[in-house]
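As a plain string of letters, each chain reads:
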Amino acid sequence: MLAAAALLRRCAASGLRAAVRRPAGPAAVLHARCYSHGSQESDEEFDARWVTYFNKPDIDAWELRKGINTLVGYDLVPEPKIIDAALRACRRLNDFASAVRILEVVKDKAGPHKEIYPYVIQELRPTLSELGISTPEELGLDKA
């Protein structure tokens, strides 16, 4: 147990290479991982990062799709302000199909939590009206 503690201290102090350079001896082989102890991103910082990403004035269609795909990969339903920024990016690109697809993805990400999607639509209703974007339900896509 003391050998493991010493290895961990060496790993934390000087990195994994220094811990590997010194042989532990023939009696025990210990595996250690040094993880980053960087700062954790708060929810507000996460939201601000994505809003800034979608608010870029020179965003192109590839960047929009890349951002949405990355965002969908997270284990969360994006906040309405992030979706608002993404929908505005779709409007700047004149990409109605992506705007509707974003709304479909939000509904899918909400999963069994049926109260999330209506809340998001309620929060986005002014933006949807302003941009002239119809929901998948208004287009009849939920019946397919």
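Placed above this text is the structure.
The written sequence of each chain sets the order in which its residues are numbered from 1. Only residues with pLDDT of at least 70 get local features here, since the model is predicted, and only at 80 or more are side-chain atom pairs given and counted; chain-wide, interface and lining totals rely on the full set of residues. Heavy atoms from the whole structure form the basis of all side-chain values; hydrogens and water molecules are not counted.

Looking at the overall build of the protein chain
Counted only if it meets this: Helix and strand assignments follow DSSP, with helices taken as H or I runs no shorter than four residues and strands as E runs no shorter than two, numbered in order from the N terminus. Only protein chains enter the calculation, and the probe is 1.4 Å; a residue is then buried if its accessible area is under 20% of its type maximum, exposed if over 50%, and partly exposed in between. Methods summary: accessible areas were calculated by the Shrake-Rupley approach with a probe of 1.4 Å, and residue burial reflects only the protein chains presented.
Of regular secondary structure, the protein chain possesses 7 helices and 0 strands. If you list the helices and strands of the protein chain from N to C, you get α-α-α-α-α-α-α. Scored against the burial criterion, the 144 residues of the protein chain give a buried share of 30%. Carbon and sulfur atoms form 56% of the exposed surface of the protein chain, whose accessible area is close to 9,900 Å².

Topic: the environment of Leu139
We count it as follows: Whether two residues are in contact is decided by their heavy atoms, any of which lying within 4.5 Å being enough.
Mapped onto the fold, Leu139 is located in the segment after helix H7 (116-131). Of the residues examined, Leu139 reaches a relative accessible area of 41% and is grouped as partly exposed. Note: C-alpha distance between Leu139 and Val100 (39 residues apart in sequence) is 9.3 Å. Discounting chain neighbours no more than four positions away, the residues touching Leu139 are Phe96, Val100 and Ser134.

With respect to the nonpolar core
Note the cut-off: Throughout, nonpolar core names a set of buried Ala, Val, Leu, Ile, Met, Phe, Trp, Tyr and Cys residues whose side chains join them through atoms within 4.5 Å.
Ranked by size, the top nonpolar core spans 26 residues in total, and within it Phe54, Leu87 and Leu103 carry the most contacts. When contributions to this core are tallied by element, the ones reaching two or more residues are helix H3 (43-54), helix H4 (61-73), helix H5 (80-92), helix H6 (96-110) and H7. Counting residues per element, this core draws most heavily on H5, at 7 residues.

Regarding the packing of aromatic side chains
The cut-off we apply is this: Classification of ring pairs uses Phe, Tyr and Trp, with its six-membered ring standing for Trp, and accepts pairs whose centres are within 6.5 Å; under 30 degrees between planes counts as stacked, over 60 as edge-to-face, and the remaining range as tilted.
Applying the stated rule across the entire model yields 6 aromatic pairs. Seen in terms of ring centroids, Phe46 and Tyr74 are 5.4 Å apart; in terms of plane orientation they differ by 75°. Their pairing is edge-to-face. Taken together, the residues span a long stretch of sequence, with Phe46 in helix H3 and Tyr74 in the loop between H4 and H5 at a distance of 28 residues. Residue classification places Phe46 among the buried residues on the basis of a relative accessible area of 12%. Among the aromatic side chains, those forming a connected cluster through ring pairs are Phe46, Trp50, Tyr53, Phe54 and Tyr74.

Some words on the side chain of Ser98
If you trace the backbone, Ser98 turns up in helix H6. With residues up to four places along the chain from it excluded, the contact list for Ser98 reads Leu64 and Cys90.

Some points on the side chain of Thr127
With respect to the helices and strands, Thr127 occurs in helix H7. Apart from residues no more than four positions distant in its own chain, Thr127 is found in contact with Asp84 and Arg88.

Section: the environment of Asn55
Summarising the element assignment, Asn55 is placed in the loop between H3 and H4. Between the alpha carbons of Asn55 and Ala86 there is a distance of 7.7 Å; along the sequence they are 31 residues apart. If near-sequence neighbours (up to four positions away) are discounted, Asn55 is found in contact with Ala85 and Arg92.

Looking at the pattern of salt bridges
The following threshold applies: We count a salt bridge whenever a side-chain nitrogen from Lys or Arg sits within 4 Å of a carboxyl oxygen from Asp or Glu.
All told, the structure shown has 9 salt bridges when counted by the stated rule. Between Lys107 and Glu137 there is a salt bridge; the shortest N-O distance is 3.0 Å. With a gap of 30 residues between them, Lys107 in helix H6 and Glu137 in the segment after H7 connect regions that are remote in the sequence. The exposure class of Glu137 is partly exposed, given its relative accessible area of 25%. For Asp142, the salt bridge is made with Lys143, and the minimal N-O distance between the two is 3.6 Å. On the basis of relative accessible area, Asp142 is assigned to the partly exposed category, the value being 37%. The exposure class assigned to Lys143 is exposed, which follows from its relative accessible area of 67%. One connected set of salt bridges, linked through shared partners, spans Asp84, Arg88 and Glu130.

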